[in-house]
Amino acid sequence: MKYLDEYRNPRLASKMLERIAEKTSRRWTIMEICGGQTHTIIRSGIDRLLPDKITILHGPGCPVCVTPVHIVDKALELASQPNLIFCTFGDMMRVPGSTADLLSVKASGSDIRIVYSPLDAVQIARDNRQKEIVFFAVGFETTAPANGMAVLQAYEENLENFSLLVSQVLVPPAIEAILSAPENRVNGFLAAGHVCTVMGYHEYMPLAEKFRVPIVVTGFEPLDILQGIEMLIAQLEKGTCRVENQYRRAVTEDGNLHAQRVLSELFDVTDRIWRGIGMIPRSGLTLKEKYRRFDAEVRFGLGDGVVSESSECVSGLILQGARNPFDCPAFGIRCTPEKPLGATMVSSEGACAAYYRYRAKTLERTG
Ligand code: SF4
């Protein structure tokens, strides 16, 4: 297939669904790890079209959703400072911190700018040398190389007024945490194709072996997802646990070596807190000592304040596949995209937002 429409072809989708049904002899639980895949699954109704024996769980692969509250609070503190321009991608603007969000801070007069690339923030730093420029560096392995390149650029130009507020996280340790949990019920994973375009998929092989789960690197269109599920079911029924690559048009086993070199030049691996989930060892990136002056937390001496989150929000359990958005009593009633209680309702990749947008605006039990 060469064109996007072909990956949305309903006739091919029906055939794949028939084959999946024929192959499925018992109950299996599959987790997709990426918020983009969550939206495709819910938007196209894949979870409802699959045989009843297959349960789809949504994993913690939405970067906005897993950015912890204490980092959002630091973003709010920085953005409120005079003589500072805070730069962010637009999807972080409405993520609730303990007491506010970036949109409300901007409305009260702070200089917060939505950018499309960290290099835009570097340009703002060049153009405003009398001001401090901070870029909110959130995301997985997909965003980290570009953020690293921005720091390299600033380093080479000796730009003294540019820094990153870093909240970069890594996918394989999150998969390990989910599989290690005593209540884990995931039998197989769809790995996120875009992360693997950068990192390849060799990192998943020890996980598949250790936990005896098949992992299929999968793309984002409906037929990508169905094919990824078909490949997983074939392995599950046979009792194999290999890493396979459905997304061959974009992903190789080794990934993008240049991007990986940028990551290892700029960042060290560190423990990171994931919103709603807690600390996952060695699941994040932090700037290396050589580039520490570009780390906004160090530069501005930010401390951890008192963090508070909605006591109603169960997004942490949703991100670990332990709850469905419809299980949340606030869904569509006290929590909507216009008035979100948790990040999974805000983000364009969040599971709660996907259910709200494509299923129902009020509570609907899936039975
Ligand atoms: S519906 Fe809202 S309150 Fe409930 S889990 Fe989702 S984000 Fe949290």
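Above this note sits the structure.
Residues numbered from 1 in each chain as written. Predicted model: local features only at pLDDT ≥ 70, side-chain atom pairs only at ≥ 80, totals over all residues. Heavy atoms only, no water.

Draft legend 1. Spatial organisation of the site of the ligand. Cys313, Val314, Ser315, Ile318, Cys328, Phe331, Cys335, Leu341, Gly342, Thr344, Met345 and Cys352 make up every residue found near the ligand. Secondary-structure elements contributing two or more residues to the shell around the ligand are helix H15 (315-319) and helix H16 (343-346). Split by residue class, the shell around the ligand holds 9 nonpolar, 3 polar and no charged. (Near = heavy atom within 4 Å. Helix = DSSP H or I, 4+ residues; strand = E, 2+ residues; numbered from the N terminus. Nonpolar A, V, L, I, M, F, W, Y, C, P; charged D, E, K, R; others polar.)

Draft legend 2. How the structure looks around the sheet that holds strand S10 (residues 267-274). Taken in spatial order, the 6 strands line up as S4-S3-S5-S6-S11-S10 in an open sheet, and their pairing is mixed. The sheet is open, and its two edges are formed by strand S4 (112-114) and S10, each paired on a single side. The mean inter-strand angle of the sheet, taken between neighbouring strand axes irrespective of direction, is 25°. Bridge analysis of strand S6 (residues 162-169) against strand S11 (residues 278-287) gives 2 bridges, and the strand direction is antiparallel. Residue pairing in the sheet places glutamine 168 in a bridge with leucine 285 of S11. Running at roughly 165° to S6, helix H5 (residues 69-79) makes contact with strand S3 (84-88), S4, strand S5 (132-139), S6 and S10 of the sheet. Packing of helix H7 (residues 118-127) onto the sheet brings it into contact with S3, S4, S5 and S6, and relative to S5 it is tilted by some 175°. (Pairing = 2+ DSSP bridges. Axes fitted to C-alpha atoms, helices over the stretch in contact; angles between N-to-C directions. Contact = heavy atoms within 4.5 Å.)

Draft legend 3. Looking closely at the sheet that holds strand S7 (residues 188-192). With parallel pairing, 5 strands are arranged side by side in an open sheet as S2-S1-S7-S8-S9. Since the sheet does not close on itself, it has two edges, and those belong to strand S2 (54-58) and strand S9 (243-245), each with one partner. If you compare each strand with its neighbour and ignore which way they point, the axes differ by 25° on average. The sheet contact formed by strand S8 (residues 215-218) and S9 spans 3 bridges and is parallel. Opposite valine 217, over in S9, you have asparagine 245 as the bridge partner.

Such coordinate-based values are descriptive only and should not be taken to indicate function.
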